[in-house]
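Listed below are the residues making up each chain.
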Amino acid sequence: MRLPTSVEDLQPRNLTRRQRLILVFFGALVSIVLVFTITYYWGMRTVEDRPRSIFQSFNTVIETMTTTGYGADSPWSTPVMNLFVATMQISGVVIGFVTLRVLVIPLFERTPVNLDDQLSVKDGHVVVAEYQRDTGVLLDELEALDIDYVLLESDLEEAKRLSDEGYQAIDGDPERRADLERAGIERASILITDAGDSTASIVLTALEANEALRVISFTPSTRQKAALTEIGVDRSVAPHALIGQQLAEKATLPVAVDPELEGESIVIREILIRRESPLHGVSIRDSPISKHPDLTLVAGWFDGDLKLSPSPATRLTPNTVLVVAGPESEVTALPDEMTEVMTSRVRDHSTVVVAGLGEGGAAAVERLREGTSHTTVDRDPEMAPDVVGDATEPETLREAGIEDATVLIVTVDDDATALLTVAMARSMAPDLEILVRVTDSEKASVAFRAGADYVLSVQRVCARLVAAEVHGERVMDPISQIRLVRADGDPFEGKTLAACRRGDDREWSVVGLVRDGRVRTDGRTEVRADDDIFVVGDDTAIREFERTVDRS
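Given the structure is predicted, the values throughout are model-derived calculations rather than measurements.

Draft legend 1. Broad picture of the sheet that holds strand β16 (residues 407-410). Read from one edge of the open sheet, 6 strands run β15-β14-β13-β16-β17-β18, paired in parallel fashion. Strands at the two margins of the open sheet, each flanked by one partner only, are β15 (387-388) and β18 (454-457). Pairing of strand β13 (residues 351-355) with strand β14 (residues 373-378) involves 5 bridges; the strand directions are parallel. Looking across to β14, one finds that alanine 355 is bridged to valine 377. The strands that helix α13 (residues 415-428) touches are β13, β16 and β17 (433-438); relative to β17, the one it contacts most, it runs at about 175°.

Draft legend 2. The arrangement of the packing of α13 against helix α14 (residues 443-450) in detail. Their axes nearest at 8 Å, the elements α13 and α14 cross at an angle of 20°. It follows that α13 is roughly parallel to α14 by the angle criterion. Where α13 crosses over α14, the handedness of that crossing is right-handed. In this structure, α13 uses Asp415, Leu419, Val422, Ala423 and Arg426 to contact α14, whose residues at the interface are Lys443, Val446, Ala447 and Ala450. When grouped by side-chain class, the residues that make up the contact of α13 with α14 number 6 nonpolar, no polar and 3 charged.

Draft legend 3. Representation of a negative patch on the surface in the model. On the surface, a cluster of negative charge is made up of Asp488, Asp490, Glu493, Asp516 and Asp530. Mapping aspartate 490 onto the fold places it in the loop between β19 (482-488) and α16 (497-500). Owing to a relative accessible area of 42%, aspartate 490 belongs among the partly exposed residues under this scheme.

Draft legend 4. Main features of the sheet that holds strand β4 (residues 190-193). As summarised here, the arrangement of the 6 strands in space is β3-β2-β1-β4-β5-β6, forming an open sheet in which the pairing is parallel. Both outer strands of the open sheet, β3 (169-171) and β6 (235-237), are each paired with one neighbouring strand and no more. On average, adjacent strands in this sheet sit at an angle of 20° to one another, irrespective of strand direction. Sheet analysis places strand β1 (residues 126-129) next to β4, joined by 4 bridges and oriented parallel. In the strand pairing of β4, valine 126 is matched with isoleucine 190. Sitting on the sheet, helix α4 (residues 135-144) is in contact with β1 and β2 (149-153), with an inclination near 165° to β2. On top of the sheet, helix α5 (residues 156-164) reaches β2 and β3; it is set at about 155° to β3, its chief contact.

Draft legend 5. Structural context of the confidence of the model for the protein. Across the protein, pLDDT averages 79, with 80% of residues at or above 70. Confidence drops under a pLDDT of 50 for residues 254-264, and excluding neighbours within four residues, the segment shows 28 contacts in the predicted structure. With pLDDT under 50 throughout, residues 474-480 is counted as low confidence; its partners more than four residues away or in other chains account for 23 contacts.

Draft legend 6. Region of the structure containing the pattern of salt bridges. One pass over the structure, following the stated rule, counts 16 salt bridges. Notably, a salt bridge pairs glutamate 158 with arginine 161, separated by 2.7 Å at the nearest N-O pair. Taken as a pair, glutamate 158 and arginine 161 lie in helix α5 at a separation of 3 residues, close to a single helical turn. Arginine 161 gets classed as partly exposed once you look at its relative accessible area, which sits at 37%. For glutamate 186, the salt bridge is made with arginine 187, and the minimal N-O distance between the two is 2.9 Å. Linked through salt bridges whose partners overlap, the residues forming this network are Asp171, Arg176, Asp179 and Arg182.

Draft legend 7. View of helix α2 (residues 54-65). Along its 12 residues, α2 runs 16 Å from first to last C-alpha, staying within 8% of the 16 Å computed at 1.5 Å per residue. Along α2, the residues that are buried comprise Ser57, Thr60, Val61, Thr64 and Met65. For α2, the angular spread of the buried residues around the axis is 125°, confining them to a single face.

Draft legend 8. Here's a closer look at the nonpolar core. With 42 residues, the main nonpolar core has Val128, Leu138, Leu142, Ile192, Phe218 and Ile409 as its most contacted residues. Ranked by residues supplied to this core, first place goes to helix α15 (residues 458-471) with 7 residues. Ala391, Leu397, Ala400 and Val455 belong to the second-largest nonpolar core, a separate cluster that totals 27 residues.

Parameters and conventions
Residues numbered from 1 in each chain as written. Predicted model: local features only at pLDDT ≥ 70, side-chain atom pairs only at ≥ 80, totals over all residues. Heavy atoms only, no water. Pairing = 2+ DSSP bridges. Helix = DSSP H or I, 4+ residues; strand = E, 2+ residues; numbered from the N terminus. Contact = heavy atoms within 4.5 Å. Axes fitted to C-alpha atoms, helices over the stretch in contact; angles between N-to-C directions. Parallel < 35°, antiparallel > 145°, perpendicular 65-115°, else oblique. Left-handed = near helix turned anticlockwise from the far one by under 90°. Nonpolar A, V, L, I, M, F, W, Y, C, P; charged D, E, K, R; others polar. Patch = residues over 30% accessible without salt bridge, like charges linked within 9 Å, V, L, I, M, F, W, Y side chains within 5 Å. Areas by Shrake-Rupley, 256 points an atom, 1.4 Å probe, with all protein chains shown as cover. Salt bridge = Lys/Arg side-chain N within 4 Å of Asp/Glu carboxyl O. Lys, Arg positive; Asp, Glu negative; His and termini not counted. Charge placed at Lys NZ, Arg CZ, Asp CG, Glu CD. Buried < 20%, exposed > 50% of the residue type's maximum accessible area, 1.4 Å probe, protein only. pLDDT = per-residue confidence, 0-100. Expected span 1.5 Å × (residues − 1). Arc of directions from axis to C-beta. Core = buried A, V, L, I, M, F, W, Y, C linked by side-chain atoms within 4.5 Å.

Here it is, written out as structure tokens:
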């Protein structure tokens, strides 16, 4: 049982049913002892004519109720006091049995008598039905964001384990309306289901109980999306395909520089922060980037989620990729100041090898930019790969052109094969950029040690997606290419570069200017009408800049 740890935890709606029962029990016990003490004090003074102090009265009540003795005051001469003492004796026995049932037995059994008693009061919460991945990763993500949830798990032992660890989990069949109602489905706002063939039955049963429910479903294949939409699923996600698309975008949507800027010293680079980096958990404002006022942080990939103009308070996570813009000399020097980081090797015209043509690999190939040179590898000839063979074998990788490729996307079926593929490819091509998908979130750090540059975990991505959906965030959407363009400085005349670099309602940023043939990036520099400025952002942001500013 998880004990309350803060004042907020002691709020009635935040207490579980069992915690409320224990509080009621102790409250009733204290009240009974006080009533008995006051009554005994009055009785001995008024009825027995043998006055006792309030503390003597309290001691006699405790002796009587715990059956350790009846006190030095016995016997009592009046019928009223004898009846009262007898009542205290019976009450003590009853309270002893209640104490065993409420506190002692559950404590020694180490499992709750009824998992429903572990649930706090819910309203507008998330119901998770039959989550078939690492449930702890998902629930930790929800709890970290203070999202109310109930997990309905058909495996009794798994439900008990999760409940004993403090998670809001109950056992039951999510296809039965009665069990869904135990999870508070009629008061829930979102249903998350990951039940395979049982998904349709669960969704239809849940919507029958709550028509306003928003439903998010995980599915093994994108082919099921149309059918799930038909029965009422608001968003269906095929995790392997989703991650395949993300890896393809990461591989072939690198930062780009407008051709007219070639030869200038303003550049954009991706900085990869490895899992072993001591910067893990450090905020952007406390990182070495903040020591370079001439650099602009354009965007960042955080566990597969691209954030444009991330807040200075954002913390660097394992597998973070930062997109920075500024003078080439400073951008080039930055990795030397940040241990366990490297610059991205991806180029605008990448040659991609895709290992594994399952759901994820196929999705990655479809998402590659038009005209991207790519070679597919799979051991199953029915998948029609360019190279049939085992991606862990050097002959297969050599035939796929791994030594001349710029990017390897690994989406093979199991983590062990993925790790061996990464290690083999790294030994053959030291300059290759390796992007890999793993299932188990714990294998992400192992993949880095094997030689991967960028890793997405199915478990972590699914958990992040659920949490972001609950918060209404846009996640896992295709991104546009990040661009650096040159524009007229007239709209910014009189403003400093520092004032031009950030805006509350825009996602483009001014990173520098050209004056008298020289690039200036000092934030204190004021823009003149005849200056040329450099503006950075994704395609959407640049179009917005050109529409609202450059042509104003």
